[in-house]
Amino acid sequence: MKNKRIFLSPPHMGGSELDFIHSAFERNYIAPLGENVSGFEEDVGAFVGAKYALGVSSGTAALHLALRVLGVGAGDRVAASSFTFIGSVSPIVYQNAEPILIDSDETSWNLDPNLLEDLCKRRKPKALVLTHLYGQSADMDAICEICERYDVTLIEDAAEALGATYRDRFCGAIARCGVYSFNGNKIITASGGGMLVSNEEALIKKALFYATQSRENAPHYEHKEIGYNYRMSNISAGIGRGQARVLPDRIRVKREIFDFYRRALSDLPVKFMPELPPSRGSRWLTTITIEDKSVTPEKLRLALEQENVESRPLWKPMHLQPVFKDAEKLISGVSQKLFNKGLCLPSGTAMSRDDLGLVAGTIKKAFA
Ligand SMILES: Cc1ncc(COP(=O)(O)O)c(C=O)c1O
């Protein structure tokens, strides 16, 4: 291969992560909890403006805990964005609840509030897992209003949207509870991990209880309920703490990468994921749709691959996944259309101008 591989969104260390890990080693806080975990919880909670935060092993685990503490159980109907990663929806199934998949609208690419309202009018779900996709906020005014009117518990899946805002409030910290992921490809990483945030202390305390095997307060191991081993490790949290220090910079650079692509590809028949007017996205991934049938996303992906550049189709909607073929769905066709013509472009914050130029140049050549 001619050049080093350019990945979609690789980890980008800020420089202080190892200090936090060394400190854990020095104090022998290797397993499992310690001050990096509480420090990282404080960092993220303070950043997004949530009073309480719980560090866990993944974003999926955080969503699972959210559903459990909010009382979602067997047979409950839980609506979810269909245009998302499966980690948004599998926790609904873990709880033996029934997912109801809701399509996107064109103005946000996120959940269509009209379809949510249609569902509520027919038979309201108990809860909604709402994804803020690719670092861009869903239509929170409309969705929060509907959830309030029909008494639907709203859980924000902001796994991809740490740093995005809606009316100057951070996505993930607007509803009763929200979730972030620190998976390796996210805007900041802990090599793996997730966080549940809320302003309700009781909710986070209960989640902590379930995340630590539902251990009762006794010197021996006493259990009245089944829980999970979901806590974040103190070593991972050390990486997270270092990353939290550079989060504002990472958001700035993600947005600069988006601006670069928008300018560089302005002559081509491509569209970019919209940003709703009251929101400000983190632009975690720059995503495009190709508005010219002669160039498919796969053709672009293969052209980039030839240059050792990773790109990826947009998420295949959950209602098109074989595993959810029998799930209830409200479909307009928007997310399928986006999936058919969309591509995620490399958006790593350590990319150089030359890297970005190579990606843009390759895309232009594929259109020529
Ligand atoms: C929208 C969305 N929800 C949930 C998750 C699950 O997070 P994790 O991989 O940390 O379990 C991810 C991504 O990883 C995601 O993109």
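Above this note sits the structure.
Residues numbered from 1 in each chain as written. Predicted model: local features only at pLDDT ≥ 70, side-chain atom pairs only at ≥ 80, totals over all residues. Heavy atoms only, no water.

Trainee: Tell me what's going on with the environment of Gly342, and back it up with residues and numbers.
Mentor: Inspection of the secondary structure assignment puts Gly342 in strand S15 (residues 342-345). Spatially, the C-alpha atoms of Gly342 and Glu201 are 41 Å apart, while their sequence positions differ by 141 residues. Each residue touching Gly342, except ones within four places of it in the same chain, is listed here: Ile288, Thr289, Pro297, Pro313 and Leu314. (Helix = DSSP H or I, 4+ residues; strand = E, 2+ residues; numbered from the N terminus. Contact = heavy atoms within 4.5 Å.)

Trainee: Give a detailed account of the packing of helix H2 (residues 35-48) against helix H8 (residues 234-245), specifying residues and quantitative values.
Mentor: At a minimum axis distance of 8 Å, the contact between H2 and H8 shows a crossing angle of 35 degrees. Like other packed secondary-structure pairs, H2 and H8 cross with a definite hand, here left-handed. Between H2 and H8, the residues in contact are Glu35, Asn36, Val37, Gly39, Phe40 and Asp43 and Asn234, Ala237, Gly238, Gly240, Arg241 and Ala244, respectively. (Axes fitted to C-alpha atoms, helices over the stretch in contact; angles between N-to-C directions. Left-handed = near helix turned anticlockwise from the far one by under 90°.)

Trainee: Tell me about the environment of Gly135, residues and numbers included.
Mentor: You can see Gly135 is positioned in the loop between strand S4 (127-131) and helix H6 (140-150). By relative accessible area, Gly135 is classed as buried at 0%. Here the alpha-carbon distance between Gly135 and Cys171, two residues 36 residues apart in the chain, equals 9.1 Å. Ignoring anything within four residues of it in the chain, the contact list for Gly135 reads Glu160, Ala161, Ala164, Gly281, Ser282, Arg283 and Trp284. (Buried < 20%, exposed > 50% of the residue type's maximum accessible area, 1.4 Å probe, protein only.)

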